[in-house]
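Chain and residue survey
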Amino acid sequence: MEWNRSETLALAAPACNICLGLGLRIGRHGATHPCNCVLRAIFRACFDRFRESVSREKYMSRVTLDPLPGRDRRGSWGRKDEEFAADFCLVSKRTLTEPENRIFKYHFLLGADWKLCCTKLGMDRGNFFHAVYRIEQKLGRVFRELEPYSLFPVDDYFHGPSKNVSSCLEPVNVVPIRPWKRQVSVPDQRTA
Ligand SMILES: [Zn+2]
């Protein structure tokens, strides 16, 4: 995906010294990149929705029927809250390194504050918060750039249109172990 100003402007921190509230920074050869304040805002929006999903009473969970594109137009039943929470955890686990993953688990999933995390992980306060910012920026970018269904914008995840999705697996040509021959019974002319 291409990051542009209309994408980042609403998410940028107005007092940001790097992007001056525009949400974009200019990199090498004039390429534009999202500012870290935008990436952190995306992560926080997804994290807030994740907390809402997991803290909601289970009897309030709703089942939805989503139409699938295709010839037969059949739908698929799903639980969007649970799917979002699972995507949030699994994408984070896949993206982060092992040390980052431990901080993510203690601080974001288990809710430990910085003092508890620093004691448990043997870190000082400065390194801990640098790591937390790095995790937020890394995940914010992945949550937005994820294909075909990104976690952000959150409303699109829950209420957006369904997309044509094809399998990421390569088609496999199955070769039979024995060559298949058609058995044709030809009547013997001599006995007929
Ligand atoms: Zn910024």
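It should be noted that the structure appears before, not after, this text.
As a convention, each chain's residues are numbered from 1 in the sequence order in which they are written. Where local features are concerned, this predicted model is filtered to residues with pLDDT of at least 70; where side-chain atom pairs are given and counted, the filter is 80 or more; whole-chain, interface and lining totals use all residues. The basis for the side-chain values is all heavy atoms of the structure; hydrogens and waters are excluded.

1. Focus: the packing of helix α4 (residues 98–109) against helix α6 (residues 125–145)
Close contact between α4 and α6 brings their axes to 10 Å; oriented N to C, the two are set at 95 degrees. It follows that α4 is roughly perpendicular to α6 by the angle criterion. Two secondary-structure elements touch here, α4 through Glu100, Ile103, Phe104, His107 and Phe108 and α6 through Phe128, Ala131, Val132, Arg134, Ile135, Glu136, Lys138 and Leu139. Counted by class, the contact of α4 with α6 contains eight nonpolar, one polar and four charged residues. To define axes, lines are fitted to C-alpha atoms, for helices over the stretch in contact only, and angles between the resulting N-to-C directions are given on a 0 to 180 degree scale. Strands here mean DSSP runs of E at least two residues long; helices mean DSSP runs of H or I at least four residues long; both are numbered from the N terminus. Just so you know how the angles are binned, under 35 degrees is roughly parallel, over 145 roughly antiparallel, 65 to 115 roughly perpendicular, and the rest oblique. Contact definition: two residues touch when any of their heavy atoms are within 4.5 Å. We call Asp, Glu, Lys and Arg charged. Ala, Val, Leu, Ile, Met, Phe, Trp, Tyr, Cys and Pro are nonpolar, and the rest, Gly among them, are polar.

2. With respect to the coordination of the zinc ion
Six octahedral donors around a metal ideally sit at 90 or 180 degrees from one another, while four tetrahedral donors ideally sit at 109.5 degrees. Distances up to 2.8 Å from the metal define which N, O and S atoms are donors, and 3.2 Å serves for Na, K and Ca; water is absent from the atom set, so sites may look incomplete. Those donors, Cys16 (SG), Cys19 (SG), Cys35 (SG) and Cys37 (SG), are the protein atoms that reach the zinc ion, and they lie 2.3 Å from it. One way to put it: the four donor atoms around the zinc ion meet at angles of 105 to 116 degrees, and that makes the site tetrahedral. The sequence pattern formed by the donor residues of the zinc ion is C-x2-C-x15-C-x1-C. The pair formed by cysteine 16 and cysteine 19 is uniform in burial state, with each residue classed as buried. Geometry assignment treats four donors as tetrahedral when all angles are between 85 and 135 degrees, treats four as square planar and six as octahedral when opposite donors are over 155 degrees apart and all others between 65 and 115, and treats everything else as irregular. Between buried and exposed lies partly exposed: a residue is buried under 20% and exposed over 50% of the maximum accessible area for its type, with that area taken using a 1.4 Å probe on protein chains only.

3. Focus on unusual backbone geometry
Cis geometry marks the peptide bond from glutamate 147 to proline 148; its omega dihedral reads -5 degrees. By secondary structure assignment, the location of proline 148 is in the loop between α6 and α7 (154–159). In this model, phenylalanine 152 is joined to proline 153 through a cis peptide bond whose omega is -5 degrees. Despite not being glycine, histidine 29 shows a phi value in the positive range, around 55 degrees. Note on placement: histidine 29 falls in the loop between β1 (24–26) and β2 (32–34). Relative accessible area serves as the criterion here: at 86%, histidine 29 is assigned to the exposed category.

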